[in-house]
Amino acid sequence: MSLSQNGDAMSTRRSTVATWLDERCGLEAVREFAARKTVPVHRHTIWYYFGGMALFLFTIQVVTGILLLLYYRPSAESAFESVQFIMTEVRFGWLIRSLHSWSANVLIAALFVHMFSVFFLRAYKARRELTWTSGVFLFFLSLAFGFSGYLLPWNTLAFFATKVGTEVAGVVPIVGSFLVRFLRGGEEVTGATLTRFYGFHVAILPALTTALLLIHLLLVQRHGMHIPDSVKPPVKTMKFFPNFMLRDAIGWLVALGALAALAALFPWELGEKADPFMPAPEGIRPEWFFMFMFETLKILPAKIGPFDGEVLGILGFGIGGLLLLLVPFIGTNGSRTTALVFKAAGIIAILYIVIFTVAGYVK
Amino acid sequence: MRGKLISTIAVAFWLGLVAPRDATAQAVPARNTCVSCHTEAGDELAVPVKMMADDIHARRGLSCANCHGGDPNDDDVDRSMDPRKGFVGKPGSKQVSSFCGKCHSNPITMKRFNPGLRVDQEAEFATSIHGKRVASGDTKAATCISCHSAHGVRAVKDPNAPVYPTRVADTCARCHSNSDTMKAYGIPADQVQKYQNSIHAETLLKKNDLSAPTCNDCHGNHGAAPPSTTSVANICGTCHIRQAELFSKSTHKSTFEAMSLSDCVVCHGNHEIKRPTDEMVGTGSQAVCLTCHSPGETGFQAAEAMHQGLTALNARIAEADEVLGRAAHAGMEVSKARFELQDARDSLVNARVVVHSFAPGEVEKAVSPGMEVSDKAYQAGLNALDELLFRRKGLAVSLVVIALAAFSIYLKIRQIERGT
């Protein structure tokens, strides 16, 4: 049989398989959608990449997380030792754990950028309200991933930071003490808290995130990419497949390289095993993405008028979170003043987060 | 705030304003003319009243008359301080111990106030140098009130009490650092000053470790006396148990006894005991062994061998620590190896203790497991540094591959877009 005959046979076989699959899964519709899908090209196109970046980093989290599960043991007696084992004995365990930790932090940073870019470009407006709301929920879930994952190595810093973090929940009026017991699995941070956080981190949060992520992605596909008001027609476009996708891939490869460098040059520290009977060490602090809230609560006076300062702080963050969720439903009249107010609010929020986060580390 | 409240309540008890909780030998009078008259008289006579505010006896509901007798209900000075009413006034130095002993030597009385307190202090005091001197009529020698004060007596566990561990040396120093007072007894007046330069004082006073000894831990308190040459090892051995045990089995024990030398003191001194160093053993300039041993002697060689054992282990631990430190600084996870290195440090501590056997073979045996652990830790450090190098090389290769892949994609994009 000649070479060209070989090629023809192969192509026929591929086509048969494709037809077989198409008849059963409707792949043709997907292919048609992919062929039709375009991405607007303008001076704000760069911000479109951050959603894909977050998705890529989330995939890294899933893959490295599953690999860590093979060795991690969620109990106060063996959690620290199992992470130590992963870091020292398991082949490339150090890489997997460091990638997981670094990627988690870069993911949160990417989400901040993605969320604020959508906010400033006002991409949440009519018909995309649920895309925004599902995105904000995904952001909250990512913070919950960060909070629950921080405790899992069961080291001193994480133990006491979780103690402080869960104490904060106790300040919430009416349901505070219930929340603390719910989070801790008891009155104190113990092995029961670790097991509970493990459950949140590897089962509940991933399930919720997967469901919400699917909704978010479906909504993005349904409504397409938003074109900012400042971009006047005619708007150039590029094909999603392969043009935009390949550009995305370059970004992902760069991110992968950066994560590999961070993991190799600055492996994620393990610290010392938590000892609940030891006094809290100095320099207890939460993960960087909670720092601005931690700092705020620290500087608030004990009493503000007749109210407890900490309670007001927590309520403030609660209202802030609620406002963030409701952004598409408030101030939708499209006036220039509303746009300016939103822009100013966004800039103030960024300045506040940056200043308070830096202040938390500088002290 | 809390202290102030307690003081106020104590004064209230003392003034008889509040009924005491504890039943006392003599009920607290409704009014106390001792307090009112002494307060009115002012100056020196009022001092005891003021001091009693912090006094443990007042806090337990005791009043002036419980110690001094007399009638605190009578306004008339002569009648209230009438010896026929049991008034004893201020006791002389010879009477002080029996004055306090009225209660403190009486187990039945003491059970009502503090059942845990020993009741043999008075008897013990009589056996002490202080007690003997007082009995012989020496009015300068210490009595109960010299250390505990007469009024304003505080519980031993009260950090402000002059007999609280961190204050004992200062209390003894009131007499023992006074060269004029000590001259009469032919005792040097620099012991407290020397003690304050010691490792014991550093541990007690700077680190606030109350288990570290002060004067009374070696000399006794109520039965205070200088230890004899034969009892020194027993005194030091109260805390340094293994050292004393090893020493008692060593050849030095009998030799020192034969030479009337004070065991531990020969090498470590007494009041100015410094933190021991490895240089104290051996044949170097700081070695105490050279005081007795000369080159060529078996003892000289033994000292040298023990010193080498200690320094070799110390150096190996330092090497392992340095390598592990470098690896940890580079972000490598070596906490397990660092933790295990602690066993080597324990071996070193043990070897330093075993030196008190003065047997080089025993020291070698103690050093050996430490060397093994240090070698393992050192190797773990080297492995971590090798692994670090491997990771960096791996990273370099990965970055090249990633860069090539990204560049290929870039070329592909250009190719596609040029085509369209």
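All residue numbers here refer to positions counted from 1 along the written sequence of the relevant chain. Whichever chain is written first is A, and whichever ligand is written first is 1; the rest continue in order. The predicted nature of this model means local features are confined to residues of pLDDT at least 70 and side-chain atom pairs, given and counted, to a pLDDT of 80 or more, with totals for whole chains, interfaces and linings taken over all residues.

## Describing the overall build of chain B
Consideration 1: The way it works is that DSSP assigns letters per residue, a run of H or I at least four long becomes a helix, a run of E at least two long becomes a strand, and they are numbered from the N terminus. Scanning chain B for helices and strands turns up 23 helices and zero strands.
Consideration 2: Once C-beta atoms are placed from the backbone, each residue is buried if 20 or more other C-beta atoms lie within 10 Å of its own, exposed if 12 or fewer, and partly exposed for counts between those two. Of all 420 residues assigned to chain B, the portion counted as buried reaches 29%.
Consideration 3: Of all intrachain contacts in chain B linking residues separated by at least 6 positions in sequence, the fraction that spans at least 24 positions is 57%. Here, residues touch in the contact sense if the C-beta positions derived from the backbone fall within 7 Å of one another.

## Describing the overall build of chain A
Consideration 1: Within chain A, the regular secondary structure consists of 13 helices and four strands.
Consideration 2: Expressed as a percentage of its 363 residues, the buried residues of chain A come to 30%.
Consideration 3: Here the analysis covers contacts within chain A between residues at least 6 apart in sequence; of these, 77% occur between residues at least 24 apart.

## Re the packing of helix H5 (residues 93–120) of chain A against helix H13 (residues 336–362) of chain A
Residue and element names in this part refer to chain A.
Consideration 1: H13 packs onto H5 with a crossing angle of 160° between their chain directions and a minimal axis gap of 10 Å. Relative to H13, the element H5 is oriented roughly antiparallel. The hand of the H5/H13 crossing is left-handed. Judged by residue contacts, Phe116, Phe119 and Phe120 of H5 engage Lys343, Gly346 and Ile350 from H13.
Consideration 2: Among the residues making up the contact of H5 with H13, the classes are represented as four nonpolar, one polar and one charged. Here an angle of 0 to 180 degrees is reported between the N-to-C directions of two axes, which are lines fitted to C-alpha atoms, with helices fitted over the stretch in contact. In what follows, roughly perpendicular refers to angles from 65 to 115 degrees, roughly parallel to angles under 35, roughly antiparallel to angles over 145, and oblique to any angle outside these ranges. When the near helix sits turned anticlockwise from the far one by under a right angle, the crossing is termed left-handed; a clockwise turn instead gives a right-handed crossing. Under the scheme applied, nonpolar residues are Ala, Val, Leu, Ile, Met, Phe, Trp, Tyr, Cys and Pro; charged residues are Asp, Glu, Lys and Arg; polar residues are all the others, including Gly.

## Here we look at the environment of Arg167(B)
All names here are of chain B.
Consideration 1: Along the chain, the position of arginine 167 falls in helix H12 (residues 165–176).
Consideration 2: Residues arginine 167 and threonine 214, 47 residues apart in the sequence, show an inter-C-alpha distance of 8.9 Å.
Consideration 3: Non-local contacts of arginine 167, meaning those with residues more than four positions away in its chain, are made with Ala161 and Pro162.

## A word on the nonpolar core
Consideration 1: Think of a nonpolar core as buried Ala, Val, Leu, Ile, Met, Phe, Trp, Tyr and Cys residues chained together by C-beta atoms that fall within 7 Å. Core analysis: the biggest nonpolar cluster contains 58 residues, and Ala54(A), Leu57(A), Leu107(A), Leu151(A) and Trp154(A) have the highest contact counts within it.
Consideration 2: Mapped onto this core, the elements with two or more residues apiece are helix H3 (49–69), helix H4 (79–88), H5, helix H6 (129–151), helix H7 (156–169), helix H9 (191–223) and helix H10 (240–265) of chain A.
Consideration 3: Broken down by element, the residue count for this core peaks at 13 residues, all from H5(A).
Consideration 4: Excluding its chain neighbours within four sequence positions, the residues that come into contact with Leu57(A) are Ser103(A), Val106(A), Leu107(A), Ala110(A) and Ala255(A).
Consideration 5: In this structure, Tyr195(B), Val232(B), Ala351(B) and Ala384(B) belong to the second largest nonpolar core, which totals 55 residues.

## Let's talk about the interface of chain B and chain A
Consideration 1: Contact with chain B, which involves 20 residues of that partner, is made by 20 residues of chain A.
Consideration 2: Contributions of two or more residues to the side of chain B that touches chain A are made by helix H22 (335–354) and helix H23 (360–419) of chain B.
Consideration 3: The greatest single-element share of the side of chain B that touches chain A, amounting to 15 residues, is contributed by H23(B).
Consideration 4: For the side of chain B that touches chain A, the per-class residue count stands at 10 nonpolar, four polar and six charged.

## Remarks on the environment of Phe80(A)
All names here are of chain A.
Consideration 1: Tracing the backbone shows phenylalanine 80 in helix H4.
Consideration 2: Overall, phenylalanine 80 belongs to the buried group, with 24 C-beta atoms counted inside 10 Å.
Consideration 3: Residues phenylalanine 80 and glutamate 272 lie 192 residues apart in sequence; the distance between their C-alpha atoms is 8.4 Å.
Consideration 4: Those residues within four positions of phenylalanine 80 in sequence are excluded, and the remaining contacts are Pro153, Trp154, Asn155 and Lys273.

## Let's talk about unusual backbone geometry
Residues and elements named next belong to chain A.
Consideration 1: With an omega of 0°, the peptide bond running from proline 233 to proline 234 counts as cis.
Consideration 2: Along the chain, proline 234 turns up in the loop between H9 and strand S2 (236–239).
Consideration 3: Positive phi outside glycine occurs at tryptophan 154, with the angle close to 55°.
Consideration 4: Along the chain, tryptophan 154 falls in the loop between H6 and H7.

## Considering the confidence of the model for chain B
Residue and element names in this part refer to chain B.
Consideration 1: A residue-level look at chain B finds 92% of positions with pLDDT of 70 or above and a mean pLDDT of 87.
Consideration 2: What pLDDT reports is the predictor's confidence in each residue, on a scale of 0 through 100. Confidence over residues 1–29 falls short of pLDDT 50; this stretch has 43 contacts with residues more than four positions distant or in other chains.
Consideration 3: Predicted complex metrics record ipTM = 0.87 and pTM = 0.70.

## A short note on the packing of H3(A) against H10(A)
All names here are of chain A.
Consideration 1: Following both chains from N to C, one finds H3 and H10 inclined at 50°, their axes separated by 10 Å at the closest point. Viewed along their axes, H3 and H10 adopt a mutual orientation that is oblique. The handedness of the crossing between H3 and H10 comes out as right-handed. When H3 is examined against H10, the residues Tyr49, Gly52, Met53, Phe56 and Leu57 are found in contact with a partner set consisting of Asp248, Gly251, Trp252 and Ala255.
Consideration 2: Here the residues of the contact of H3 with H10 are counted per class, giving six nonpolar, two polar and one charged.

## Remarks on H4(A)
Consideration 1: Of all 10 residues making up H4(A), eight are buried, and the element is well covered by its neighbours.
Consideration 2: Among all positions in H4(A), only Ala79(A), Phe80(A), Ser82(A), Val83(A), Gln84(A), Ile86(A), Met87(A) and Thr88(A) are buried.
Consideration 3: Buried residues along H4(A) sit against H3, H5 and H9 of chain A together with H22 of chain B.

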